Amino acid sequence: MDSKPTADNQSPSWATFLAGIGIGFVVAVTLGLSVALFASLGAEASPPAMADDPALLVSQGEAAATAYGCAACHSVDGTPGIGPSWLAVAGSDRPLADGTSVVADTDYLVESILDPSAQIVADFDDAMPKGLGDVLSAEDLDAVVAYIESLGG
Ligand code: HEC
């Protein structure tokens, strides 16, 4: 069989053509998979969905109260410890050491955590750890406040 130069010249270009199709296929499949994977990850791990779910936020707050050591001083069953129990605090009138009182709304709870010396609960010492704002993430702060509010009266 005579091999014609033209046939020899064509075979690499066929190979190139086929390789091109192969690479194109692989790229298309990989892109498709990445898009699908990305979409499913986004659907599963979307933080806004978590923050929008009050029950999840409360259980995250309960975990944070243990993780950050709050539970060592704050019970949730009404028993006073080094700090007041969190039971029925949210929304109630808090008697303060200076003789005044304040309604324990969200702002009060946040301030009590970030600036604990600003208002001292009557009959308790100024014993809250300072600088919790540098330790608690904004999300954990939200969560622990939601947890305290879930224990409100
Ligand atoms: C070493 C003990 C201690 C730890 C740990 C502690 N606290 Fe306190 N906490 C206190 C004391 C004592 C008070 C009352 C004095 C005051 O008002 O600062 C208080 C008051 C509070 C109040 C106001 C409650 C009320 O009855 O009006 C909140 C809210 C609070 N703490 C949240 C937290 C959170 C959240 C954490 C963890 C991130 C925490 N505390 C960790 C001792 C502690």
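The sections below set out a description of the structure shown in this document. (Residues numbered from 1 in each chain as written. Predicted model: local features only at pLDDT ≥ 70, side-chain atom pairs only at ≥ 80, totals over all residues.)

1. Examining the environment of Ser-75
Here's step 1: With respect to the helices and strands, the residue Ser-75 is situated in the loop between α3 (54–67) and β1 (93–95).
Here's step 2: By the C-beta count within 10 Å, which is 15 here, Ser-75 ends up partly exposed.
Here's step 3: Linking Ser-75 and Ser-85, residues 10 residues apart in sequence, is a C-alpha distance of 4.6 Å.
Here's step 4: Residues in contact with Ser-75, not counting those within four places in the same chain, are Gly-81 and Ser-85. (Helix = DSSP H or I, 4+ residues; strand = E, 2+ residues; numbered from the N terminus. Buried ≥ 20, exposed ≤ 12 C-beta atoms within 10 Å, placed from the backbone. Contact = placed C-beta atoms within 7 Å.)

2. Comments concerning the site of the ligand
Here's step 1: Near the ligand you find 27 residues, and of these Cys-70, Cys-73, Gly-83, Pro-84 and Phe-124 are the closest.
Here's step 2: Listed by contribution, the elements that provide at least two residues to the shell around the ligand are α4 (106–114) and α6 (138–150).
Here's step 3: With 3 residues, α4 is the largest single contributor of residues to the shell around the ligand.
Here's step 4: Here the residues of the shell around the ligand are counted per class, giving 20 nonpolar, 4 polar and 3 charged. (Near = placed C-beta within 6 Å. Nonpolar A, V, L, I, M, F, W, Y, C, P; charged D, E, K, R; others polar.)

3. Remarks on the nonpolar core
Here's step 1: Of all hydrophobic cores here, the largest spans 16 residues; its most connected members are Ala-143, Val-144, Val-145, Tyr-147 and Ile-148.
Here's step 2: Of all the secondary-structure elements, those providing two or more residues to this core are α3 and α6.
Here's step 3: Tallying contributions element by element places α6 first for this core, with 7 residues.
Here's step 4: Other than its neighbours up to four places away in sequence, Val-144 contacts Gly-61, Ala-64, Ala-65 and Cys-70. (Core = buried A, V, L, I, M, F, W, Y, C linked by C-beta atoms within 7 Å.)

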